[in-house]
Amino acid sequence: MNNNTQGSSPFEKPRSVVRKLLSKEQPEGDGALVRRSIGRPELRNLDPFLLLDEFSVAPPAGFPDHPHRGFETVTYMLKGAFTHQDFAGHKGTIKAGDLQWMTAGRGIVHCEMPASKGVQQGLQLWVNLSKEDKMIEPAYQELEGKDIPKVEKDGVRATVIAGEALGIKSPVYTRTPTMFLDFTMKPGAVLHQQVPEGWNAFVYVLEGETVFGNIASLPITAHHTVLLSSGNGLSVWNKSNNPCRFVLIGGRPLNEPVVQYGPFVMNAKEEIIQAIEDYQQSRNGFERATHWHSDSIVVSEAD
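Residues numbered from 1 in each chain as written. Predicted model: local features only at pLDDT ≥ 70, side-chain atom pairs only at ≥ 80, totals over all residues. Heavy atoms only, no water.

The name given to the chain in an unreviewed UniProt entry is Pirin, with the source organism recorded as Taxus chinensis. As stated in UniProt under Sequence similarities (unreviewed entry), the record for the chain gives "Belongs to the pirin family." (UniProt positions renumbered as here; feature names shortened; annotations may be inferred.)

Set out below in structure tokens:
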């Protein structure tokens, strides 16, 4: 639904901006920098989301061998490339525009390192899993950029990572019902995007400045996280003279307790203790962790 001349929202219950937060760079991993939106002290989580980082990594920095349990990691590369490797033998390179949707489930140990010189940039989203899915076997959904659905209409370009936009659906299966949309809007463009009622949703602005929810609202600039009110759709305007780009992310709340200890996210403290013991003792999903070390080549800026 897109109309370049409409100054009001066509939705019965339009979503509006209830809060905005500026994400500043902070250290993470081994020498990497991230702009954290969800997952920071002021916004610990937004059910079902646990974290969203915009990462900037130049060799030899990166994210060396580390475990996960109880949720999914979604990596979407914006610039450069990352090499991924896990203790089950899965290995590959995610290039600009590519997507990796990793279900850690009961346990994965992996590394994520730059695959080329210069600064590599991307987004990583953590999606919580329901209690019934937390201990499932690990799995991957991986799409090259050319295979991620894209559509352009009336000055709006959508890359449909998960969910649906402008009549185009993503093939990605989301155990926790999720939408993840990457929009670029030309100057003067307008977008009216449906968001399922009852879902939590937010926007992260990547480039330019954008007006959300009400055409009279002030524009919001890059690196801001925008929390949205309840409703069944979001209206967006680019009133500037330059293109803008943002991701719109929404998901159906799990409404379950969240207990997190670093890379382990479960429903109870006892389950976190169990996860730590399982990892330390290489059992219950972490059997291959005992003697495994990644063999990813660390790219040197001096090479």
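Peer 1: Describe the overall build of the chain, and please don't skip the residues or the numbers.
Peer 2: Scanning the chain for helices and strands turns up one helix and 26 strands. Here the chain has a C-alpha radius of gyration of 19 Å; the compact-globule value for 303 residues is 19 Å, and the two agree. Over its C-alpha atoms, taken along the principal directions, the chain stretches across nearly 60 × 45 × 35 Å. Across the chain, the fraction of contacts at a sequence separation of at least 24, relative to all contacts at a separation of at least 6, is 72%. Surface accessibility of the chain: about 13,100 Å² in total, with carbon and sulfur atoms responsible for 49%. Looking at the chain, you have 30 positive and 35 negative side-chain charges, and the mean spots of the two groups are 4 Å apart. (Helix = DSSP H or I, 4+ residues; strand = E, 2+ residues; numbered from the N terminus. Rg over C-alpha atoms; globule rule 2.2 N^0.38 Å. Contact = heavy atoms within 4.5 Å. Areas by Shrake-Rupley, 256 points an atom, 1.4 Å probe, with all protein chains shown as cover. Lys, Arg positive; Asp, Glu negative; His and termini not counted. Charge placed at Lys NZ, Arg CZ, Asp CG, Glu CD.)

Peer 1: With reference to specific residues and values, describe the confidence of the model for the chain.
Peer 2: Put simply, the chain has an average pLDDT of 94, and 95% of its residues get 70 or more. Across residues 1-5, where pLDDT falls below 50, the model places 18 contacts with residues more than four positions away in sequence or in other chains. (pLDDT = per-residue confidence, 0-100.)

Peer 1: So what about the pattern of salt bridges? Which residues, and what values?
Peer 2: What the rule picks out here adds up to 15 salt bridges. E197 is the salt-bridge partner of K13, the closest N and O atoms lying 2.7 Å from each other. Separated by 184 residues along the polypeptide, K13 in the segment before β1 (17-22) and E197 in the loop between β18 (190-194) and β19 (200-207) bring together distant segments of the chain. With relative accessibility at 48%, the residue E197 sits in the partly exposed group. Put simply, R69 and D278 hold a salt bridge, and the shortest N to O gap is 3.0 Å. Placement of R69 in the loop between β5 (63-68) and β6 (71-79) and of D278 in helix α1 (residues 269-280) is noted, with a sequence separation of 209 residues between them. Here D278 falls in the buried class, since its relative accessible area comes to 1%. Shared partners join several salt bridges into a network, and the residues in it are R69, E277, D278 and R283. (Salt bridge = Lys/Arg side-chain N within 4 Å of Asp/Glu carboxyl O. Buried < 20%, exposed > 50% of the residue type's maximum accessible area, 1.4 Å probe, protein only.)

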